[in-house]
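Remarks on the overall topology
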Amino acid sequence: MVNFTTEQLRALMDLKYNIRSMSVIAHVDHGKSTLTDSLVAKAGIIAQKHAGETRYTDTRADEAERGITIKSTGISMFFEYKLSEGERAEVDAMEGRALKVSGGGDATAAESDGPNIGADSYLINLIDSPGHVDFSSEVTAALRITDGALVVVDTIEGVCVQTETVLRQAIGERVRPVLHVNKVDRALLELQLSPEDMYQCFQRSVESVNVIIATYNDELLGDCQVYPERGTVSFGSGLHQWGFTLCKFARMYSEKFGIAYDKMMQKLWGDNYFDAKGKKWVKSDRDGTLERAFCQFIMTPICKMFAAIMEDKKLKIQKLLKAVGVTLKKEDEELVGKPLLKRVMQKWLPVGDAILEMIVVKLPSPAAAQRYRVENLYDGPLDDACANAIRTCDTSDGAPLMMYISKMVPSSDRGRFFAFGRVFSGKIATGQKVRIMGPNYVPGKKSDLWVKNIQRTLIMMGRFQEQVQDIPAGNTCGLVGVDQYLLKSGTITTHDEAHCIKTMKFSVSPVVRCAVEPKKAQDLPKLVEGLKRLAKSDPMVLCYTEESGEHIIAATGELHLEICLKDLQEDFMGTDVKVSDPVVSYRESCSAKSSQTCLSKSPNKHNRLYMEAHPLSEELSDAIEAGKISAKDDPKLRARAMADEYGWDVTDARKIWGFGPDGGGANVVYDQTKGVNYLGEIRESIVAGFQWATKCSVLCDEQMRGVAFKLLDVTLHADAIHRGMGQIMPTARRVIFASLLLAQPVLQEPLFLVDISVPQDAMGGCYGVLTRRRGVVFSEEQRPGTPMVQMKAHMPVMESFGFNADVRAATGGKAFPQMVFSHWAVLQGDPTDPESKPGKVIEGVRKRKGLAPEIPPLDRFLDRL
C-alpha cells in the first residue's frame, strides 16, 4: 500500500529544508537498482517480499531482459524519519540555521487518514542511474539535478574504473557523496570470509573511495570524504534487503552498556579492542587474543546468524532471533536456506532504514546545497537577481523562476517527450508563460529563445507520472510541451535578463559511428523523423547527415550504438533500417614544421597568402579540448597561460585569430605578419577559410587536430571589391591544405582504455585477443583477497568491434571488459603511401565518402610566385 498521496507530496515540496535530491551511482553490476528497491519498498510502492528482485526503476523491457540499467529514472517518495537530538544538531549545523517549519494553510489540511506533514516528513527525489561506461552521459545528467550521491561499491570487486569516473563527475558537479558497501552476503556465503577479513575488505573499499575523493577535492564542498565512524558509510546487501550503518549498532550498545553514543561510534571502527576481563578499551589486540570491536559487536553476530540459518539449526536460530528481537510470522517459519535468511535479515537490519538515515542526516537539502553550487550552475554574473534566487533556493511569490532541463524522457504518447529537470528557484506552474532558452542562447539576442506556455507539470514516479498544479524550487519535475523547442537540455526562466544555466560537460565523446538507410525508399521521411527523436532521447548521441547524403548516428561505444539502433527501429520508426558496419572518426594532424613557406593566389590572381604549419603539443591540444584554453578567454590572460605552461611566444599567443573547427577545436591560426595594409578586413575571411579547412581536411575529409598555422605575409589588391570573402576564403583553405601536406601529415586514431577484470588462470586468453587487436597492456594488478586480476590496456577503437564477445570466448566467459574513450594516438606509417596502414585506412574512408580514391596532389593547392 502506497503510504502517501499526491496532495501530501505537493504540500511537502514547499518545505525546502525537508527535501533531499540524490542519485545512485556506481560501476556496472554493483547493485544500484536492487538497492534502490529497498527505498521504494520502504515508501510502500512495492511489496517488501519482492524488493530486491523487482528492480522497480528499470522501466524498459530491454533493461529487465539484459539486467542492466540503460536510462536514468527519477522517482519521488515520501518518508517519515524522526531525528534524534544529535542528528538534528548535525543537520542544523549543515543548513547553518535553526529549523523553521512553516505549516501553510494547505499543509495542515492534509487528509486525516494519511500521515501529517510536519518536521519529520521528508521528500526524497531519487534518480537511479546506469553504471555502464557507454551510458555515463546519463549519469552526468542525473548528477546535475541532484545534490547528493549514494555511491555503491561491491565488497568483492572493490572500486572499479567506472566508480572512479562517476565519483569524479559527482565532485566536479559539487555533489556530496555517501557510500554503501554492497553484496556483503556474497563475501559471507561464497568466499566464507572471517569477520577480520571482512573488516579489511570494507576498510580497503572505504579507503580507495576516499583516495579518489581527495584527488578531486573542492574547497567549497568542505571535507566530503566518507567515514564509517561518522555514519557516512553503510554496509549490507541489496538483494537480501539488509544493511546497517555503525549508528544503528552504536545506539543499541550504548543503551546496553551505558556508554555515550559518540564514544561508541568511535570505538566501532578502527583499531579498538574491548578487553572483557579488565573491562576496558585497548588499542592493540594483545597478540591475537582479542577481537576487534567492529568484528566482535557487529560482524560476528551477523556471521553466527548466517551460519545457523544456512546449516538449518532450528534451536540455535530460535535463540539468536530472541537475542536480536526479531519475531517471525507463521508462514515465514516454514522457510529454509536463503529465503529464510532474507526474511530474518530484512526484519533485523532493514537496509531501507540505514540508507534513509544516511540520506536525511548526511546529504544536504536544496537550500544548503545551492549556496555552494551556484557558481557551477549559473553562467551569468553571480550577483544578479537570478543567481541570488538560486543561492537562497527562493520559493517566495515574486522570485524569478530558474529551471534546468537535463534530459528528455520518452512518454507513452509516441514520439513525444517529457522534459525532466530541476527547479532551482521560483515556482513552475501549469499554463505559466516562460522563456525557454537553448544551450546556445546569448543574453540580449533572440536566437535559441522561445516564449511559450507550459502545458502541464508532473511529478515523476518511476513508471508513472502524477500531475500537479505547480512545483516549487528544490524539486525535480517533468514538463509536457517543452520538447518541441529544446533539443536535449536547456534553461527555463521567467526573468528577462536571466543567463543560461551552464551546459553539462560529458566525460566521454561519441567516437563510434554508423550510417543508416531505410530498407524501402518510401520510409525515408520516417527515418529522418526517427533520427530527430533519437537525438532528443539520449543526452550523448549525435545524429547528422553527411554531404554524401548518408544519415550518421554517432555513439560512445558498441553497446550504446546497439541500444540507439534498437530504439530507432522499435520506438521511433516502427520499421527496419539497413545499418552499415560501424565506422570510426579519425583526425588529421602533422608531425613536423612545413618544409617551405606555402603560397596560394586568389582566383582573380590579385591576392596572395603565405603560410606555414607546425604541430601543437599534445598537452596543449588536450587543454583546448578540455576547455581550459578557449576562444572565449581574455586574450592577454590566455597568452600568458600559453606562454607559461605550453612554451608559446607571448606575442604569437596574443595574435591568435581563432580556434577551429567550430570555434573550439584543437587547431589555431595566428598572425605573424608585419605592416600589412587592410589586414583587419580579411581577418574574418581567413578565419572562415580556416574553420572550413579544419572541419573537412585534405587527407580524407576528417577533422584536423593539433595543428597551428601561422600567417607570414599577405599581398592584397588595393581595391576593396577585389579582396572580398569570395576571393580570400577559398585561398585560405588552399594555403592551409598546402602547408599541412608539406608538414609530414599523419593520421590520428581514437584509442579506448580497456579495463578487464579476469581470474588469474584466464589471463592468457586476454593477452592473445589484445595482441591480435593491436592492444597494449600497460598495467595489471592483483586484487588483494581475491583471485581476480585487473588489467588495463589501450586498444584502437577500430579494432574494438566484437571485442567483448571475443574475450569472453577466449576466457570461457570469465573476463569482464569495459571500454571507454581514452585519447588520440598517431597511426604509424606514411599516409601518402597507399600501401601503408594509414594509406589503406584513408583509401577506405575516401571510398566510403564517395571521394576520389587518391589524396589530391600538392600542386592543386600550392601556387608558384
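An account of the accompanying structure is given in this report. (Residues numbered from 1 in each chain as written. Predicted model: local features only at pLDDT ≥ 70, side-chain atom pairs only at ≥ 80, totals over all residues. Heavy atoms only, no water.)

Some points on the overall build of the protein
Scanning the protein for helices and strands turns up 28 helices and 35 strands. Counting only C-alpha atoms and orienting by the principal axes, one finds that the protein spans roughly 100 × 65 × 60 Å. Sorting the 865 residues of the protein into buried and exposed places 57% on the buried side. Sequence separation of at least 24 residues holds for 74% of the intrachain contacts in the protein that already meet a minimum separation of 6. Carbon and sulfur atoms form 51% of the exposed surface of the protein, whose accessible area is close to 35700 Å². Averaging the locations of the 108 positively and 112 negatively charged side chains of the protein gives two centres separated by 1 Å. (Helix = DSSP H or I, 4+ residues; strand = E, 2+ residues; numbered from the N terminus. Buried < 20%, exposed > 50% of the residue type's maximum accessible area, 1.4 Å probe, protein only. Contact = heavy atoms within 4.5 Å. Areas by Shrake-Rupley, 256 points an atom, 1.4 Å probe, with all protein chains shown as cover. Lys, Arg positive; Asp, Glu negative; His and termini not counted. Charge placed at Lys NZ, Arg CZ, Asp CG, Glu CD.)

Some remarks on the state of the cysteines
Should the sulfur atoms of two cysteines be covalently bonded, the bond is a disulfide. The full count for this structure, using the stated rule, is zero disulfides. Take C201: it sits in no disulfide, and the sulfur closest to it among the cysteines is that of C295, at 12 Å. Between C295, a cysteine without a disulfide, and C303, which holds the nearest cysteine sulfur, the sulfur-to-sulfur distance is 8.5 Å. (Disulfide = S-S within 2.5 Å.)

Some points on the pattern of salt bridges
Inspection of the entire model under this criterion finds 37 salt bridges. Taking the shortest distance from any N to any O, the salt bridge between K71 and D538 comes out at 3.2 Å. Residue K71 is located in the loop between helix 3 (61-66) and strand 2 (73-80), and its partner D538 is located in the loop between helix 19 (524-537) and strand 21 (542-545); the two are separated by 467 residues in the primary sequence. Put simply, R774 and E799 hold a salt bridge, and the shortest N to O gap is 2.6 Å. One end of the pair, R774, is in the loop between helix 26 (763-772) and strand 33 (776-782); the other, E799, is in the loop between strand 34 (788-796) and helix 27 (803-811), and 25 residues separate them in sequence. Residue classification places R774 among the partly exposed positions, given a relative accessible area of 31%. The class of E799 is buried, set by a relative accessible area of 17%. (Salt bridge = Lys/Arg side-chain N within 4 Å of Asp/Glu carboxyl O.)

Some remarks on helix 1 (residues 6-13)
Extensive coverage of helix 1 is indicated by the burial of six of its eight residues. When helix 1 is considered as a whole, its buried residues turn out to be Q8, L9, R10, A11, L12 and M13.

Some points on the environment of T811
The topology assignment puts T811 in helix 27. Residue classification places T811 among the buried positions, given a relative accessible area of 6%. As a C-alpha pair, T811 and V769 span 42 residues in sequence and 9.8 Å in three-dimensional space. From its side chain, T811 meets the backbone nitrogen of A815 in a polar contact 3.4 Å long. (Polar contact = N/O pair within 3.5 Å; in protein donor to acceptor, adjacent residues only side chain to side chain.)

Observations regarding the side chain of K342
Along the chain, the position of K342 falls in helix 15 (residues 337-348). Look past the residues within four positions of K342 in its chain and what remains in contact with it is K49, A51, E53, L239, H240 and Q241.

Quick word on the packing of aromatic side chains
Under the defined criterion, the tally for this structure stands at 18 aromatic pairs. Ring centres 5.8 Å apart and planes at 20° place the aromatic pair F235 and W269 in the stacked group. Within this pair, whereas F235 is found in strand 6 (residues 233-237), its partner W269 is found in the loop between helix 11 (261-267) and strand 8 (273-275), the two being separated by 34 residues in sequence. Taken individually, F235 and W269 each receive the classification buried, so the pair is uniform in this respect. Aromatic pair F690 and F709: ring centres 6.2 Å apart, planes at 75°, arrangement edge-to-face. With F690 in helix 24 (residues 679-695) and F709 in strand 31 (residues 707-715), this pair connects stretches of sequence that are 19 residues apart. Overall, the relative accessible area of 0% leaves F690 in the buried class. One aromatic cluster is present, formed by Y199, F202, F235, F244, F249, Y253, W269, F294 and F297 through successive ring pairs. Cation over ring: R144 sits above Y404, and NZ or CZ is 5.1 Å from the ring centre. The residue whose ring lies beneath R723 is Y678, and the NZ or CZ to ring-centre distance is 3.8 Å. (Phe/Tyr/Trp six-rings, centres within 6.5 Å; stacked < 30°, edge-to-face > 60°. Lys NZ or Arg CZ within 6 Å of the ring centre and 35° of its normal.)

Here we look at the pairing of strand 18 (residues 476-480)
Counted residue by residue, strand 18 has five buried out of five residues, so it is predominantly covered. Neither face of strand 18 is exposed, since T476, G478 and V480 on one face and C477 and L479 on the opposite face are all buried. Pairing between strand 11 (residues 417-425) and strand 18: five bridges, direction antiparallel. Paired with F418 across the two strands is V480, which belongs to strand 18. Inspection of the sheet shows strand 15 (residues 456-461) paired to strand 18 by three bridges, in the antiparallel sense. (Pairing = 2+ DSSP bridges.)

Quick word on the nonpolar core
The biggest cluster of nonpolar side chains holds 103 residues, and the ones touching the most others in it are I428, L479 and I492. The greatest single-element share of this core, amounting to seven residues, is contributed by helix 16 (residues 351-362). In contact with L479, other than residues within four places in its own chain, are M403, I405, F417, F418, A419, I428, I454, R456, T457 and I492. (Core = buried A, V, L, I, M, F, W, Y, C linked by side-chain atoms within 4.5 Å.)

Without other data, these values stay purely geometric and don't point to any function.
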